Amino acid sequence: MASVPSARADYYRRIKPLHLTPLWEELHALVPREPNSPCIPALWRYADIRPLLMESANLITAEEAVRRVLVLENPAMQGRSSITQSLYAGLQLIMPGEIAPSHRHVQSALRFIVDGRGAYTTVGGERTTMYPGDFIITPSWAWHDHGNEGIAGDSEPVVWLDGLDIPLVRFFDAGFAENDESRAQQVQRPEGNSYARFGYNMVPVRHAHASATSPIFSYPYDRSREALARLQRDEPSDPWQGWKLRYINPLTGGAPMPTMATYLQLLPAGFCGQTHRATDGAVYSVVEGRGTAEIAGQRFAFQPQDTFVVPSWAPLRLQADEEVVLFSFSDRPVQQAIGIHRETFLND
Ligand code: GTQ
């Protein structure tokens with residue numbers, strides 16, 4: 001009589017042509033006891049990347065590239081253009097005088113300005129000028145073009161962190177995109193118009209909002225930073241996260257985009273955080289200060305303009321040598337919408 005293993009092997013061979021596989025061989029991997037991400041912790045030093053990014057401007061124009069971006073690819077997920085399973089991140093460069101032509105796509109995008117000032121993005125007919133630390137949204141299916149005209153005759157290369165839900169949309173096989181007829185959109189409203197309508201805890205009385213995305217598309221750094229400075233004066237910091245605020249869609253109180261949540265947090269000088277973990281892997285951009293992120297036991301020293309990734313369920317401990325400000329984003333709204341998000345705060 002055939003042994004059990006060889007009888008099974010024979011059986012697997014016979015079911016294969018019928019496109020059948022035995023669940024019992026895969027069950028533990030398909031339904032893991034806890035998240036077991038293929039994504040690994042990693043940090044990208046801006047000091048290393050900046051010269052290479054500037055070099056790319058000699059190789060290709062923003063116009064030819066459409067978007068001149070160095071993709072931050074998770075080292076354990078090569079070829080996927082992903083920083084986590086669900087998220088994409090890249091550093092986009094726009095030189096003075098350049099235009100990244102108008103297009104639109106189903107994927108939602110966020111921009112977090114890392115270096116330089118005076119570039120702009122036009123979203124749905126309204127322009128916003130970019131300053132370091134600003135958080136800017138491109139909603140799903142909104143026309144957008146980027147340019148760099150400088151400020152008051154002064155112009156410099158501008159670099160921002162792009163965060164997009166590209167892998168999520170790819171997972172659903174639901175991506176559409178199209179190019180605009182003109183390189184740059186006609187501006188239809190004065191700069192600051194959407195902020196005046198929605199940025200002051202007020203909303204135009206007859207506004208009926210149809211979009212799943214926040215009507216504010218630029219959240220200026222000085223306002224967000226001011227809120228953190230006020231909290232630092234007024235209340236004790238959280239032992240895990242310092243003072244951490246989430247950006248909101250003012251119409252709903254929810255995340256500014258349906259697929260991505262964004263955060264800004266302040267860690268006081270000398271902060272030695274406790275460990276926490278969450279099922280939403282997150283991408284961090286360092287705005288101010290030096291410190292250390294201990295991610296799944298691995299220590300990453302960071303400084304301003306660096307980017308690092310914390311995989312899903314990886315224990316995270318933050319330390320600050322100086323006063324630190326971190327911007328971050330994750331897919332938390334999607335996990336919350338389907339009721340699977342988990343987060344724990346450990347007492348070290
Ligand atoms: O600016 O529209 O990093 O479409 C990747 C895809 C940026 C953009 C990216 C994009 C964009």
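Up top is the structure these notes are about.
Residues numbered from 1 in each chain as written. Predicted model: local features only at pLDDT ≥ 70, side-chain atom pairs only at ≥ 80, totals over all residues. Heavy atoms only, no water.

Draft legend 1. Molecular detail of the layout of surface pockets. A volume near 750 Å³ is recorded for the largest pocket. Gln85, Ser86, Asp331, Gln335 and Ile340 are the residues nearest the centre of the largest pocket, which is lined by 25 residues in total. Looking at the lining of the largest pocket, the elements with two or more residues in it are α5 (166–172) and α8 (332–337). Sort the elements by how many residues they give to the lining of the largest pocket and α5 lands first, with five residues. The residue inventory of the lining of the largest pocket, partitioned by class, reads twelve nonpolar, nine polar and four charged. In this model, the second largest pocket occupies a volume close to 580 Å³. Lining the second largest pocket are 20 residues, and of these Tyr195, Gly199, Asn201, Tyr219 and Ile248 sit closest to its centre. Of all elements in the fold, only α6 (193–198), α7 (221–234) and β13 (243–246) reach the threshold of two or more residues within the lining of the second largest pocket. For the lining of the second largest pocket, the leading source of residues is α7, giving four residues. Here the lining of the second largest pocket is composed, by residue class, of 15 nonpolar, three polar and two charged. (1 Å grid on protein atoms, 1.4 Å probe; cavity = no way out; pocket = protein on both sides within 12 Å on 5 of 7 lines; lining within 4 Å. Points joined across faces, edges and corners; volume = space filled by probe spheres on them. Helix = DSSP H or I, 4+ residues; strand = E, 2+ residues; numbered from the N terminus. Nonpolar A, V, L, I, M, F, W, Y, C, P; charged D, E, K, R; others polar.)

Draft legend 2. View of the pairing of strand β19 (residues 307–310). Alternating residues of β19 divide into Thr307 and Val309 and Phe308 and Val310, and every residue in both groups is buried. Judged from the three bridges that link them, strand β1 (residues 42–44) and β19 form a sheet pairing that is antiparallel. Each bridged residue has a counterpart across the sheet, and for Trp44 the counterpart in β19 is Thr307. Where strand β16 (residues 282–288) and β19 come together, four bridges link them in antiparallel fashion. (Buried < 20%, exposed > 50% of the residue type's maximum accessible area, 1.4 Å probe, protein only. Pairing = 2+ DSSP bridges.)

Draft legend 3. The arrangement of the sheet that holds strand β21 (residues 324–330) in detail. The strand order across the open sheet built from six strands is β1-β19-β16-β21-β14-β13, with neighbouring strands paired in antiparallel fashion. Edge strands, defined here as strands with exactly one partner in the open sheet, are β1 and β13. Sheet twist, expressed as the mean angle between neighbouring strand axes with direction ignored, is 20°. Bridge count for strand β14 (residues 261–267) against β21 is seven bridges, and the pairing is antiparallel. Paired with Leu267 across the strands is Val324, a residue of β21. Packing of α7 onto the sheet brings it into contact with β13, β14, β16 and β21, and relative to β14 it is tilted by some 45°. (Axes fitted to C-alpha atoms, helices over the stretch in contact; angles between N-to-C directions. Contact = heavy atoms within 4.5 Å.)

Draft legend 4. Molecular detail of the site of the ligand. Contacts to the ligand come from Arg67, Val69, Tyr88, Gln92, His103, His105, Arg111, His144, His146, Asp162 and Leu164. The contact in question runs from an oxygen atom of the ligand to an N or O atom on the side chain of His146, over 2.9 Å. Within the side chain of Asp162, a nitrogen or oxygen atom sits 2.7 Å from an oxygen atom of the ligand. Against a free-state accessible area of 290 Å², the protein chains account for coverage of 89% of the ligand. Of all elements in the fold, only β3 (88–94), β4 (99–105), β9 (144–148) and β10 (158–164) reach the threshold of two or more residues within the shell around the ligand. Within the shell around the ligand, the residues separate by chemical class into three nonpolar, five polar and three charged. (Near = heavy atom within 4 Å. Polar contact = N/O pair within 3.5 Å; in protein donor to acceptor, adjacent residues only side chain to side chain. Areas by Shrake-Rupley, 256 points an atom, 1.4 Å probe, with all protein chains shown as cover.)

Draft legend 5. Highlighting the pattern of salt bridges. Following the criterion strictly, the structure yields 18 salt bridges and no others. Here Arg45 and Asp48 are joined by a salt bridge, their closest N and O atoms 3.2 Å apart. The shortest N-O distance in the salt bridge between Asp115 and Arg50 comes to 2.7 Å. Of this pair, Asp115 sits in strand β5 (residues 109–115) while Arg50 sits in helix α3 (residues 46–59); the two residues are 65 residues apart in sequence, bridging distant segments of the chain. (Salt bridge = Lys/Arg side-chain N within 4 Å of Asp/Glu carboxyl O.)

Draft legend 6. A look at empty space enclosed by the protein. By the definition in use, this model includes one cavity of 30 Å³ or more. Space inside the largest cavity adds up to approximately 160 Å³. Every residue lining the largest cavity is counted, 18 residues in all, and those nearest its centre are Ala278, Asp280, Ala282, Tyr284 and Arg332. Put simply, the parts of the chain that give the lining of the largest cavity at least two residues each are β15 (276–278), β16 and β21. Of the residues forming the lining of the largest cavity, the biggest block, three residues, is contributed by β15. The residue makeup of the lining of the largest cavity, split by class, is nine nonpolar, four polar and five charged.

Draft legend 7. Quick peek at the nonpolar core. Leu91, Phe135, Leu161, Phe327 and Phe329 are the most contacted members of the largest nonpolar core, which has 52 residues in total. It is α3 that contributes the most residues to this core, five residues altogether. When neighbours within four sequence positions are excluded, Leu91 is seen to be in contact with Tyr46, Ile49, Leu53, Arg68, Val69, Leu70, Leu72, Val114, Val159, Trp160 and Leu161. Counting residues in each nonpolar core, the second largest holds 17 residues, with Ala282, Ala293, Phe302 and Ala314 among its members. (Core = buried A, V, L, I, M, F, W, Y, C linked by side-chain atoms within 4.5 Å.)

Draft legend 8. Molecular detail of the environment of Tyr11. In this fold, Tyr11 is placed in helix α1 (residues 4–15). For the pair Tyr11 and Ser211, spaced 200 residues apart in the sequence, the C-alpha separation amounts to 52 Å.

Draft legend 9. Region of the structure containing the pairing of strand β8 (residues 135–138). Neither face of β8 is left uncovered, since the one carrying Phe135 and Ile137 and the one carrying Ile136 and Thr138 both have all their residues buried. Of the strand pairs in this sheet, β5 and β8 are connected by four bridges, and their pairing is antiparallel. Opposite Arg111, over in β8, you have Ile136 as the bridge partner. Across two bridges, the pairing between β8 and strand β12 (residues 218–219) is antiparallel. Along β12, the bridge assignment pairs Ile136 with Ser218.

Note that all results are geometric; they support no functional claim without further evidence.
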